[in-house]
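# Structural characterization, general
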Amino acid sequence: MELGLAGRRALVTGAGKGIGRCTVQALHAAGVQVVAVSRTQADLDSLVRECPGVEPVCVDLGDWEATEQALGNVGPVDLLVNNAGVALLQPFLEVTKEAYDTSFNVNLRAVIQVSQIVARGLIARGAPGSIVNISSQASQRALTNHSVYCSTKGAMDMLTKAMALELGPHKIRVNAVNPTVVMTPMGQTNWSNPQKAKTMLDRIPLGKFAEVENVVDIILFLLSDRSSMTTGSTVPVDGGFLAS
C-alpha cells in the first residue's frame, strides 16, 4: 500500500530507542523530513548517522520550559508521533510523588504541550495534519504494579478523543495506538521475568508479544491519508489481549 508520505515533515518524540527510533527510520525511508526528539544525545547522534538529514533535538520533555525553548520554533510540522514515555513500576502502596510527577509530566503533559505547538502551526498555515499518540493496552486493563502507568495511558486515551473533537474542524486527525508488550529495550527490561511474561502471554490469544514493526506499521497508516476518515480512535496492537 502506497502511503504517500514523501515530502512531508514529521516530529517524533522518544526517537532515540524502540518504537520511536524505528518510526523515524521508517518515515525517513518513506521520504519524510523528520525532527527526532530525545533526551539522550548519544542516541540522536547514532540515529543521524543511520538516517542522514534527520533533524535532532535533545530535550527532556518532562521539563516544560526546556521543551518550549527547544520546540517553540520548530517550524512547520505535518505529522506528529507522541511516543516518549516512561514506565516506573511500583506497587500501589509504594507509589512515590517523584514517580507520579515524572510519569504524568512525560506521558501526558508533554503530549499536550508538543501537540499544542504542532497544532497551532498547522492551524496558522491552514494545513491538515495527523497526530498519533502511543498509548498502551494498560490504558484499558489494570496490571499489577502499573497503577501510575495505567493511569497515564488511560488519560492519554481520553486526551486523544478530546483532541480529535476539538482539532477535527481544523482537519487535524488524532488517534492512539495501544500496543501490548513490545520487544523494545524497555519492554524487555520490564518483562524479562519468565513467570511474569507467562501471565501476560497466557492472556494474549495469538500467544506472543509484539515486535516493533507491528506497531510502526499502524503508526504510518494512521499518519497517512489512507486513514483519512479515522480520528479519535484507539487502535489495539495487542494480539487480541483486549478481546480476552
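Residue numbers run consecutively from 1 along every chain, following the written order of its sequence. Only residues with pLDDT of at least 70 are given local features in this predicted model, and only at 80 or more are side-chain atom pairs given and counted; all residues enter the totals for whole chains, interfaces and linings. As a convention, hydrogens and water are excluded, and side-chain values are obtained from all of the structure's heavy atoms.

- The protein chain goes by L-xylulose reductase in an unreviewed UniProt entry, where it is assigned to Ursus maritimus.
- Heading Subunit (unreviewed entry) of the UniProt record for the protein chain holds this comment: "Homotetramer."
- UniProt positions are given in the numbering used here, feature names are shortened, and annotations may be inferred rather than shown by experiment. The heading Subcellular location (unreviewed entry) in the UniProt record of the protein chain holds the text "Membrane".

## Examining the nonpolar core
- Definition used in this section: a nonpolar core is a set of buried Ala, Val, Leu, Ile, Met, Phe, Trp, Tyr and Cys residues joined via side-chain atoms within 4.5 Å. Think of it in three bands: residues with accessible area under 20% of the maximum for their type are buried, residues over 50% are exposed, and the middle band is partly exposed, with areas taken using a 1.4 Å probe on protein chains only. Formed by 30 residues in total, the largest nonpolar core has its most connected members in Leu11, Val37, Leu61, Leu71, Val74, Ile131 and Leu167.
- Think of it this way: any DSSP run of H or I at least four residues long counts as a helix, any run of E at least two long counts as a strand, and we number them from the N terminus. Where this core is concerned, the elements lending two or more residues are strand E2 (33-38), helix H4 (97-125), helix H5 (147-167) and strand E6 (172-179).
- When residues of this core are assigned to their parent elements, the largest contribution, 9 residues, is made by H4.
- Setting aside its immediate chain neighbours within four residues, Leu61 contacts Thr13, Val37, Thr67, Leu71, Ala84, Asn105, Ala110 and Val114. Residue contacts follow a heavy-atom distance rule, with two residues in contact if any of their heavy atoms lie within 4.5 Å.

## Some points on the pairing of E2
- Most of E2 is tucked away, with 5 of its 6 residues classed as buried.
- Bridging between strand E1 (residues 9-13) and E2 involves 5 bridges; their strand directions are parallel. Bridged to Ala10 within E2 is Val34.
- The β-α-β motif built from E1, the intervening helix H1 (residues 18-29) and the parallel element E2 has right-handed crossover chirality.
- Where E2 and strand E3 (residues 55-58) come together, 4 bridges link them in parallel fashion. Looking at E3, one finds that Val37 is bridged to Val57.
- Crossover handedness is defined here as right-handed if the route from the first strand over the helix to the second strand goes clockwise, with the strands pointing away from the viewer. Viewed along the sheet, the connection from E2 through helix H2 (residues 41-50) into E3 turns out right-handed. If DSSP finds at least two bridges between two strands, the strands pair.

## Re H2
- Those residues of H2 that fall on the buried side of the exposure criterion are Asp43, Leu44, Ser46 and Leu47. End-on, the buried residues of H2 take up no more than an arc of 165°, which puts them together on one face. Residues of H2 that are exposed and point more than 90 degrees away from the buried face comprise Ala42 and Arg49.
- If you follow the buried residues of H2, they end up packed against H1, E2 and E3. Starting at the helix axis, one direction is taken to each C-beta atom, and the arc is that of these directions.

## Remarks on the sheet that holds strand E4 (residues 79-82)
- Taken in spatial order, the 7 strands make up an open sheet running E3-E2-E1-E4-E5-E6-E7, and their pairing is parallel. Both outer strands of the open sheet, E3 and strand E7 (234-237), are each paired with one neighbouring strand and no more. The average undirected angle you get between the axes of adjacent strands in this sheet is 15°.
- Of the pairings in the sheet, the one linking E4 to strand E5 (residues 129-134) comprises 4 bridges and is parallel in character. Counted as the bridge partner of Asn82 is Asn133 from E5.
- Against the sheet, H4 engages E1, E4, E5 and E6, with an angle of about 175° to E4. Only the contacting stretch of a helix is used when fitting its axis, a line to C-alpha atoms as for every element, and angles between N-to-C directions run 0 to 180 degrees.

## Thoughts on the pattern of salt bridges
- Here, a salt bridge means any side-chain nitrogen of Lys or Arg that lies within 4 Å of a carboxyl oxygen of Asp or Glu. A complete count under the given rule lists 7 salt bridges for this structure.
- Residues Arg125 and Asp78 are paired through a salt bridge, measuring 3.3 Å at the closest nitrogen-oxygen approach. One end of the pair, Arg125, is in helix H4; the other, Asp78, is in the loop between helix H3 (64-71) and E4, and 47 residues separate them in sequence.
- On the basis of relative accessible area, Asp78 is assigned to the buried category, the value being 16%.
- A salt bridge links Asp202 to Lys198, with the nearest nitrogen and oxygen atoms 2.7 Å apart.

## Digging into the packing of H1 against H2
- Running from N to C, H1 and H2 point in directions that differ by 25°, and their axes come no closer than 11 Å. Between H1 and H2, the angle falls in the class roughly parallel. Every pair of crossing elements has a handedness; the one defined by H1 and H2 is right-handed. On H2, the residues that touch Arg21, Val24 and Gln25 of H1 are Asp43, Ser46, Leu47 and Glu50.
- Its residues assigned to classes, the contact of H1 with H2 comprises 2 nonpolar, 2 polar and 3 charged. Angle categories: roughly parallel below 35 degrees, roughly antiparallel above 145, roughly perpendicular from 65 to 115, and oblique for all the rest. Each helix crossing is assigned a hand: it is left-handed if the near helix lies turned anticlockwise from the far helix by less than a right angle, otherwise right-handed if that turn is clockwise. Here the term charged refers only to Asp, Glu, Lys and Arg, the term nonpolar to Ala, Val, Leu, Ile, Met, Phe, Trp, Tyr, Cys and Pro, and the term polar to all other amino acids, Gly among them.

## Considering the environment of Ser103
- Position of Ser103 among the secondary structure elements: in helix H4.
- For Ser103, a relative accessible area of 2% puts it in the buried group.
- Residues Ser103 and Ser151, 48 residues apart in the sequence, show an inter-C-alpha distance of 9.4 Å.
- Residues within four places of Ser103 in sequence aside, it is in contact with Val86, Leu88, Leu108, Val148 and Thr152.

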